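If you want the building blocks of each chain, they are given just below.
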Amino acid sequence: MSMKTKAAILVTSFAVLLFVVVGSLGGVHASSNDGSYRQLQVYSEVLSRVQSEYVEEPNIPKVTDGALHGLLESLDSNSSYMPADTYKAYKAHKSEARGGIGAVVSKRFGYAAVVAVLPGSPAEKAGIEQTDIFESIEGQSTREMSLPEIRSLLAGAPGSNVNVAVVRARRAEPQKIVITRDVPVIPPVTDKMLEDGIGYVKTEALTKGKAQEIASKIRALERSGAKKILLDVRNCAEGDENEGVATANLFLNHGTIAYLQGQKYPREAFNADPAKAITALPVAILVNRGTAGAAEIVASAILENARGDVIGDKTFGDGSVQKTIDLPDGGAVILSVAKYYSPGGKAIQDVAVTPNVLVADSDDGVGPDDDDSAQPAPDQEAKPKPTVDDQMKKAVEVLKSRAS
């Protein structure tokens with residue numbers, strides 16, 4: 001077979017594969033005006049040039065896998081492509097009973113990024129911090145991994161170890177850390193009475209049942225004389241969006257809490273049920289860069305319904321629904337098919353939640369507004385962590401100024 005014939009076959013195969021992927025996504029219609037189909041000619045031309053003119057004979061399967069990986073991840077960090085062998089290993093690993101490291105991980109700078117760490121978790125015990133970047137896991141760079149692959153690699157049998165190379169903003173070189181997996185335990189919701197009758201409630205996650213725990217704490221604080229409520233959802237990134245809706249409903253007796261919508265996903269609105277609201281006390285929400293997902297629904301609902309103040313730093317930005325689409329070759333596309341929107345119509349995953357009272361996080365790590373295309377610039381020495389909680393201090397001041 002001549003090189004010219006081989007190139008033609010490879011180009012045609014790649015075009016067919018792209019046609020299958022694009023068609024499987026269900027959002028494309030065959031027409032001469034459809035830009036997606038016109039782009040197939042560009043892809044074919046590029047691949048032909050790579051095959052015929054690259055400095056050495058390329059590994060075409062690797063090239064096409066990389067192209068599809070980039071295509072999906074250019075949409076958002078939750079969308080990804082997995083070739084057949086990777087998808088097979090992912091499904092096998094997913095079905096096993098496993099532990100984990102107790103940290104919420106997403107992608108930033110193209111690498112695995114720690115959003116929040118659960119107190120008492122294996123990650124915390126190993127010294128993992130919010131805003132850490134996992135450059136590699138078990139010696140494999142996370143740059144070319146999909147988010148499901150990253151999370152699958154971090155999971156494993158309780159008692160087993162996972163090796164990560166961590167990049168931090170104030171360290172010149174990646175730090176190798178060994179984390180011993182375990183079954184993470186979600187801490188209970190805590191509460192206490194602050195000055196001037198401010199009832200303080202803190203939750204580390206919004207997993208199933210947490211809304212009811214928060215409700216119980218609020219009722220107990222009111223019985224103890226609380227006149228105002230401060231809900232702390234800083235570093236709260238674990239949980240289910242429905243639990244976020246239920247938590248917001250504790251404070252809202254009317255209005256839209258959030259809605260879910262996608263190109264092929266009918267709009268689903270989550271409206272406040274008056275029967276589920278438990279308090280009319282003034283409320284403030286504490287957030288930071290580790291606030292993500294369900295907790296962002298709570299913050300945006302309180303803020304945009306003018307129910308209370310949101311204090312702290314801009315949140316992480318996460319909130320979407322994924323669909324797994326099996327491909328004919330045994331691979332798979334994991335695609336975001338709907339996003340959660342704030343009452344005012346802002347896609348939480350795209351813009352996050354900006355507090356109406358901004359107080360920067362006490363560390364100077366990388367925030368969600370930083371350039372995702374560049375890695376953080378390291379310094380040589382770590383700075384001591386501050387002992388004063390400026391965000392908490394400001395929240396108390398704001399609540400003091402609000403009429404009961």
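Look up a bit, the structure's there.
Residues numbered from 1 in each chain as written. Predicted model: local features only at pLDDT ≥ 70, side-chain atom pairs only at ≥ 80, totals over all residues. Heavy atoms only, no water.

> In this structure, what is going on with the overall build of the protein chain? I would like to understand it.
Of regular secondary structure, the protein chain possesses 11 helices and 19 strands. Residue burial in the protein chain is summarised as follows: out of 404 residues, 47% are buried. For the protein chain, contacts bridging at least 24 residues in sequence account for 70% of all contacts bridging at least 6. Surface accessibility of the protein chain: about 19,500 Å² in total, with carbon and sulfur atoms responsible for 50%. (Helix = DSSP H or I, 4+ residues; strand = E, 2+ residues; numbered from the N terminus. Buried < 20%, exposed > 50% of the residue type's maximum accessible area, 1.4 Å probe, protein only. Contact = heavy atoms within 4.5 Å. Areas by Shrake-Rupley, 256 points an atom, 1.4 Å probe, with all protein chains shown as cover.)

> Help me out: how do you make sense of unusual backbone geometry in this one?
Glycine aside, residues mostly have negative phi, and peptide bonds are mostly found in the trans state. Positive phi, close to 55 degrees, is recorded for Ala306, a residue that is not glycine. Here Ala352, not a glycine, exhibits a phi torsion of approximately 60 degrees, which is positive. Residue placement: Ala352 occurs in the loop between helix H10 (348-351) and strand E19 (357-358). On the basis of relative accessible area, Ala352 is assigned to the buried category, the value being 10%.

> What exactly am I supposed to notice about the sheet that holds strand E15 (residues 283-287) here?
Strand pairing in a sheet is mediated by backbone hydrogen bonds. Such pairs are either parallel or antiparallel. Read from one edge of the open sheet, six strands run E8-E9-E11-E15-E16-E19, paired in mixed fashion. One side of each edge strand has no neighbouring strand; the edge strands of this open sheet are strand E8 (190-193) and E19. Judged from the four bridges that link them, strand E11 (residues 228-232) and E15 form a sheet pairing that is parallel. When the sheet's bridge partners are listed, Leu231 is paired in E15 with Ile285. Packed onto the sheet, helix H7 (residues 210-223) meets E8, strand E9 (198-202) and E11 and runs at close to 160 degrees relative to E9. (Pairing = 2+ DSSP bridges. Axes fitted to C-alpha atoms, helices over the stretch in contact; angles between N-to-C directions.)

> Whenever I open this one, the environment of Glu296 confuses me. Can you help?
In this structure, Glu296 sits in helix H9 (residues 294-304). The exposure class of Glu296 is buried, given its relative accessible area of 0%. Along the primary structure Glu296 and Phe316 are separated by 20 residues, whereas in three dimensions their C-alpha atoms are 8.4 Å apart.

> Would you take a moment to explain empty space enclosed by the protein for this structure?
What the rule picks out here adds up to two cavities of 30 Å³ or more. In this structure, the second largest cavity is lined by Gly102, Ala103, Val104, Ala116, Val117, Leu118, Glu204, Asn235, Ala237 and Glu238. (1 Å grid on protein atoms, 1.4 Å probe; cavity = no way out; pocket = protein on both sides within 12 Å on 5 of 7 lines; lining within 4 Å. Points joined across faces, edges and corners; volume = space filled by probe spheres on them.)

> Got a minute to help me understand the pattern of salt bridges in this structure?
For side chains of opposite charge, pairing can occur when their charged atoms come near one another. Under the counting rule described, the total for this entry stands at 15 salt bridges. Taking the shortest distance from any N to any O, the salt bridge between Arg49 and Glu45 comes out at 2.8 Å. On the criterion of helical spacing, the pair formed by Arg49 and Glu45 is a turn pair, its members being four residues apart in helix H2 (residues 35-53). Given the relative accessible area of 40%, Glu45 is considered partly exposed. Asp361 is the partner of Arg289 in a salt bridge, and the nearest nitrogen-oxygen pair spans 2.7 Å. (Salt bridge = Lys/Arg side-chain N within 4 Å of Asp/Glu carboxyl O.)

> Would you mind showing me how to read the nonpolar core here?
Among soluble globular proteins, nonpolar side chains are generally buried collectively. Ranked by internal contacts, the top residues of the largest apolar core, which has 38 residues, are Ile214, Leu231, Phe251, Ile257 and Ile285. Contributing elements (two or more residues each) for this core: H7, E11, helix H8 (241-249), strand E13 (256-261), E15, H9 and strand E18 (332-341). The dominant element in this core, judged by the number of residues it contributes, is H9, at seven residues. Once residues lying within four places of it in the same chain are set aside, the contact partners of Ile214 are Val189, Val201, Thr203, Leu206, Leu231, Thr247 and Leu250. Counting 18 residues, the second largest nonpolar core, distinct from the first, contains Ala103, Met145, Ile177 and Ile179. (Core = buried A, V, L, I, M, F, W, Y, C linked by side-chain atoms within 4.5 Å.)

> In this structure, what is going on with the side chain of Asp361? I would like to understand it.
The residue Asp361 is located in the loop between E19 and helix H11 (390-401) in this model. Residue Asp361 is classed as buried on the basis of its relative accessible area of 9%. Among the polar contacts made by the side chain of Asp361, one reaches the side chain of Arg289 at a distance of 2.7 Å. Once you skip the residues sitting within four places of it in the chain, Asp361 turns out to touch Gln130, Asn288, Arg289, Asp313 and Gln391. (Polar contact = N/O pair within 3.5 Å; in protein donor to acceptor, adjacent residues only side chain to side chain.)

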